[in-house]
Amino acid sequence: MRIRLKYKSITSLVSNQSIALVVLVNEDETKQIAITCDEVMAQEILLRQSHETGIERRLPEVFAHFLALQMDDPYEVVINNVIDGEYRALLTDHSGIDMVPIRAIDAILLAIAAHLSIFIEEELMTMQQVDFHNSGDSMQMPINGISEEMLEEALKKAIENENYEMASHLRDELNRRKQGDNQTDATE
């Protein structure tokens, strides 16, 4: 089962201007997920919001136009996993036969450019969702949806603020990811 999402906003993080959060909400705007992206991708998404002239010549729009010419059945984005702080997705046709793995943030940019539907697997949404608050004054995120860079920054702040319980959780997640990397290296 899949849940339809819609793009809501993009927010730069105050603590680190090179990372932004893309907020996707469910249709009744009660739950959200936040996907991290770098400064370049944030600018690309913000560019689409500005409706700047000449945007139709940029790669996502050209690719979207090409896709529309080549297919009878429109494609959609399905966010289906999160691994080491990075959401993963599939670009798929409605039949589910043609599926191309893609980083979720790239898929979201393509969905915005091509006006594609965005879905998330229901189980993943249940694990990753937080309540949606339109105020934008704070943001909750599951720890496994945070990039390693963000985890390291949060760990430094937790130690500075003497929040040792939070620091412990963040350190454990960083160690889990590093152990996963070492196991992958050993099997290759």
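This one's a predicted model, so the numbers in the text were calculated from it and none came from an experiment.

K.L.:
What is the right way to read a negative patch on the surface from this model?
P.N.:
Together, Asp84, Glu148, Glu149 and Glu152 line one region of the surface with negative charge. In this fold, Asp84 is placed in the loop between β4 (75–83) and β5 (86–93). On the basis of relative accessibility, which here comes to 33%, the residue Asp84 falls in the partly exposed class.

K.L.:
Hey, could you run me through the pairing of strand β3 (residues 31–38) in this one?
P.N.:
For a regular strand, side-chain orientation follows a simple rule: the groups alternate between the two sheet faces. Most of β3 sits inside the fold, with six of its eight residues counted as buried. Bridge count for β3 against strand β8 (residues 130–131) is two bridges, and the pairing is antiparallel. When the sheet's bridge partners are listed, Lys31 is paired in β8 with Asp131.

K.L.:
Would you explain the nonpolar core in this entry?
P.N.:
Soluble globular proteins tend to pack their nonpolar side chains together in the buried interior. Leu24, Ile33, Ile35, Val77 and Ile79 are the most contacted members of the largest nonpolar core, which has 33 residues in total. For this core, the element with the most residues is helix α3 (residues 104–114), which contributes eight residues. Ala34, Ile146, Ala158 and Ala167 belong to the second-largest nonpolar core, a separate cluster that totals eleven residues.

K.L.:
Honestly, the environment of Ser147 in this entry has me stumped. Any pointers?
P.N.:
Examined against the element boundaries, Ser147 turns out to sit in the loop between β8 and α5 (148–160). A relative accessible area of 17% means that Ser147 is categorised as buried. On a C-alpha basis, the gap between Ser147 and Ile35 in space is 9.3 Å, while along the polypeptide they are 112 residues apart. In contact with Ser147, not counting residues within four places along its chain, are Ile19, Thr36, Gly85 and Arg177.

K.L.:
For this particular structure, what's the right way to read the side chain of Glu173?
P.N.:
Inspection of the secondary structure assignment puts Glu173 in helix α6 (residues 164–187). A polar contact of 2.9 Å, which involves the side chain of Glu173, links it to the side chain of Arg177. Among residues more than four places away in sequence, those in contact with Glu173 are Ile143, Asn144 and Leu151.

K.L.:
For this particular structure, what's the right way to read unusual backbone geometry?
P.N.:
One can expect most non-glycine residues to show negative phi and most peptide bonds to be in trans. Its identity is not glycine, yet His115 carries a phi of approximately 60°, on the positive side. Under the relative-accessibility criterion, His115 is labelled exposed at 72%. A positive phi angle, close to 55°, is found at Glu162, a residue other than glycine. Within the fold, Glu162 resides in the loop between α5 and α6.

K.L.:
Sorry if this is basic, but what is going on with α3 here?
P.N.:
Counted residue by residue, α3 has nine buried out of eleven residues, so it is predominantly covered. Those residues of α3 that fall on the buried side of the exposure criterion are Ala104, Ile105, Ala107, Ile108, Leu109, Leu110, Ala111, Ala113 and Ala114. Immediately downstream of α3, the backbone of His115 shows phi near 60°, a positive value.

Procedures and definitions
- Residues numbered from 1 in each chain as written.
- Predicted model: local features only at pLDDT ≥ 70, side-chain atom pairs only at ≥ 80, totals over all residues.
- Heavy atoms only, no water.
- Patch = residues over 30% accessible without salt bridge, like charges linked within 9 Å, V, L, I, M, F, W, Y side chains within 5 Å.
- Areas by Shrake-Rupley, 256 points an atom, 1.4 Å probe, with all protein chains shown as cover.
- Salt bridge = Lys/Arg side-chain N within 4 Å of Asp/Glu carboxyl O.
- Lys, Arg positive; Asp, Glu negative; His and termini not counted.
- Charge placed at Lys NZ, Arg CZ, Asp CG, Glu CD.
- Helix = DSSP H or I, 4+ residues; strand = E, 2+ residues; numbered from the N terminus.
- Buried < 20%, exposed > 50% of the residue type's maximum accessible area, 1.4 Å probe, protein only.
- Pairing = 2+ DSSP bridges.
- Core = buried A, V, L, I, M, F, W, Y, C linked by side-chain atoms within 4.5 Å.
- Contact = heavy atoms within 4.5 Å.
- Polar contact = N/O pair within 3.5 Å; in protein donor to acceptor, adjacent residues only side chain to side chain.

Any functional reading would require information that these geometric values do not contain.
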